[in-house]
Each structure stands twice: as structure tokens, then as C-alpha cells.
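A look at the structure
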Amino acid sequence: MKVFSQSLLAVAMLFGMAAAATSQSAEVPRFADDFSTSALLAELWKTTPPDRWKVADGVLGVSGGGASAAPKGLQVDGPVAVSFRMRVGDFGKGNNWVGANVRGILFSLTPGGFWHVYRSPAQERSLGGIQTTERPETGRWYAFRIEQDGDRYRWLVDGAVVADFREPNVVRGSDGLVSLASSGPQADYDDISPPEDR
């Protein structure tokens, strides 16, 4: 009965998310998922490739490179704000990363620090870079909060501002709203929701 009621809640949240996304108001769309049930992963999320994403023990886990997960049916023209918890199990060899894309900008943890990167047709090279050389701890939960409003992007980790910048040029991939992504490390995500004080 508990799984059924959680499934109904997840379906209701999906419909609420779609209604908010099609609304013409300036209100920030609402989307939340605490991954309390695995039954709706395929219905609520577009996972690529699907076999690399699993819900277990109340978290969304990913392992393997080239993996991304995006909420299905979420299209928004206005501001975006998202918060979630994330931990990396092992970065493996090389400069792997794990994080989230918001409107074409990747906000991630790497073995060398907290990194954001993106491409603009107006520039030959990628923009962004390491924002702090604090080395992320494997197994530790980090609270991410990412906001985008017009050309302004703001990224907080555990309540501290890591990046706050403006990008007036078009960003490649900005048609994609929000997605979780990994270049290879095993990682877990949980408690995806809009920030409470946005």
C-alpha cells in the first residue's frame, strides 16, 4: 500500500510539473523526486543508457560513462532553480566528473575540485573552469543548488556560493533544461527539489 501511495504521489507530481511547465506565469516550475520507489523511474525520467541508472535504497545511482538522466516532459522558458544531494563513490582513473547540466552548463565534482564548463558558438574553446580546488571526498553527500535566470547562473554547494556569473552569449545545449550526468564514476543522487527560498 505504501509503494502504491508513493507511486500515486509521484504521478501527481509529474502532472503538476507538466502543468507548471506549460503555465505562462513567472512562477518557477516545481519538480521533486526523493527516489523512494523504483517503480516510476522509466516513466518519470529519460535515462541514457537505461541500464546505467538504478533506484535502490531511496537513491538514484549511476555507474558508467556517457550517462545522463532528465525529467520527462519538463519544458520551461523562464527561470530554473534546482537543488539535490549527490555523492560520488569513486572517481576512478583520469579526470572523471559527475554532476548536473542546467541549460547547457555542467556543474560537477571532479577529482581536482568543483568545476563548471560549457560551450558557446561565439567561442572556440570551452568556457568555465575549476571554481575551487577543494578536493571532493568520495562517499560524502554534497548539497547542490543551481539557479539560472536570464544570463545569470548561480551555483551553491552546501550553502556556500561556488560560482555566480553571467553568460550573455548563447550556450550550446541550452535547450535542455536539467539533466544529471556522469562521465564514468559511480555516484548517487537524492532529494531533487526546487530550493525552498527561491
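Right above here is the structure, for reference.
Read on for an overview of the structure. Here the structure is a predicted model, which is why all the values come from computation and not from measurement.

1. Considering the packing of aromatic side chains
Any two aromatic rings considered together are summarised by their centre-to-centre distance and by the angle between their planes. As enumerated under the stated definition, the model contains ten aromatic pairs in all. Pairing Trp-53 with Tyr-189 gives two aromatic rings, centres 6.2 Å apart and planes at 35°, and the pair type is tilted. Here the residue Trp-53 occupies a position in strand 2 (residues 53-56), and Tyr-189 occupies one in strand 14 (residues 186-193), the gap between them amounting to 136 residues. Residue Trp-53 shares its accessibility class with Tyr-189, and that shared class is buried. Directly above the aromatic system of Trp-141 lies the positively charged group of Arg-85, at a separation of 4.2 Å from the ring centroid.

2. Digging into the environment of Gly-92
Looking at the secondary structure, you find Gly-92 in the loop between strand 5 (80-90) and strand 6 (98-102). Spatially, the C-alpha atom of Gly-92 lies 9.1 Å from that of Pro-111, the residues being 19 residues apart in sequence.

3. Remarks on unusual backbone geometry
In most cases, non-glycine residues show a negative phi, while peptide bonds are predominantly trans. Geometrically, the link from Thr-48 to Pro-49 is a cis peptide bond, its omega value of -20° lying close to zero. In this structure, Pro-49 sits in the loop between strand 1 (45-48) and strand 2. At Asp-57, a residue that is not glycine, the phi angle is positive and equals roughly 55°. One can find Asp-57 in the loop between strand 2 and strand 3 (59-62). Look at Asp-57 and you get exposed, because its relative accessible area is 82%.

4. Some remarks on the pairing of strand 14
Where strand 3 meets strand 14, three bridges bridge the pair, whose relative direction is antiparallel. Within the sheet, the bridge partner assigned to Gly-61 lies in strand 14 and is Asp-188. Of the strand pairs in this sheet, strand 5 and strand 14 are connected by six bridges, and their pairing is antiparallel. Among the inter-strand pairings, Ser-83 is bridged to a residue of strand 14, identified as Ser-193.

5. A look at the nonpolar core
Side chains of nonpolar character tend, in soluble globular proteins, to be buried together. Counting 44 residues, the largest nonpolar core has Trp-45, Phe-84, Phe-144, Ile-146, Trp-155, Leu-180 and Tyr-189 as the members making the most contacts within it. A total of five residues in this core trace back to one element, the largest contributor, which is strand 5. With near-sequence residues (within four places) excluded, Leu-180 lies in contact with Trp-45, Trp-53, Leu-60, Ala-67, Ser-68, Ala-69, Gly-99, Ala-100, Tyr-189 and Ile-192.

6. Examining the pattern of salt bridges
This structure, assessed with the given rule, holds eleven salt bridges. One salt bridge in this structure joins Asp-188 and Arg-87, with 2.8 Å as the shortest N-O distance. Here Asp-188, found in strand 14, pairs with Arg-87, found in strand 5; they are 101 residues apart in sequence, far enough to count as distant. By relative accessible area, which is 10% here, Asp-188 ends up buried. Its salt-bridge partner being Asp-164, residue Arg-152 comes within 2.6 Å of it at the nearest N-O pair. With Arg-152 in strand 11 (residues 152-157) and Asp-164 in strand 12 (residues 160-166), the pair connects residues that are twelve residues apart, well separated along the chain. The partly exposed category is assigned to Asp-164, whose relative accessible area is 40%. Among the charged side chains, a salt-bridge network with shared partners connects Arg-145, Glu-147, Arg-152, Arg-154 and Asp-164.

Criteria and thresholds
- Residues numbered from 1 in each chain as written.
- Predicted model: local features only at pLDDT ≥ 70, side-chain atom pairs only at ≥ 80, totals over all residues.
- Heavy atoms only, no water.
- Phe/Tyr/Trp six-rings, centres within 6.5 Å; stacked < 30°, edge-to-face > 60°.
- Helix = DSSP H or I, 4+ residues; strand = E, 2+ residues; numbered from the N terminus.
- Buried < 20%, exposed > 50% of the residue type's maximum accessible area, 1.4 Å probe, protein only.
- Lys NZ or Arg CZ within 6 Å of the ring centre and 35° of its normal.
- Pairing = 2+ DSSP bridges.
- Core = buried A, V, L, I, M, F, W, Y, C linked by side-chain atoms within 4.5 Å.
- Contact = heavy atoms within 4.5 Å.
- Salt bridge = Lys/Arg side-chain N within 4 Å of Asp/Glu carboxyl O.

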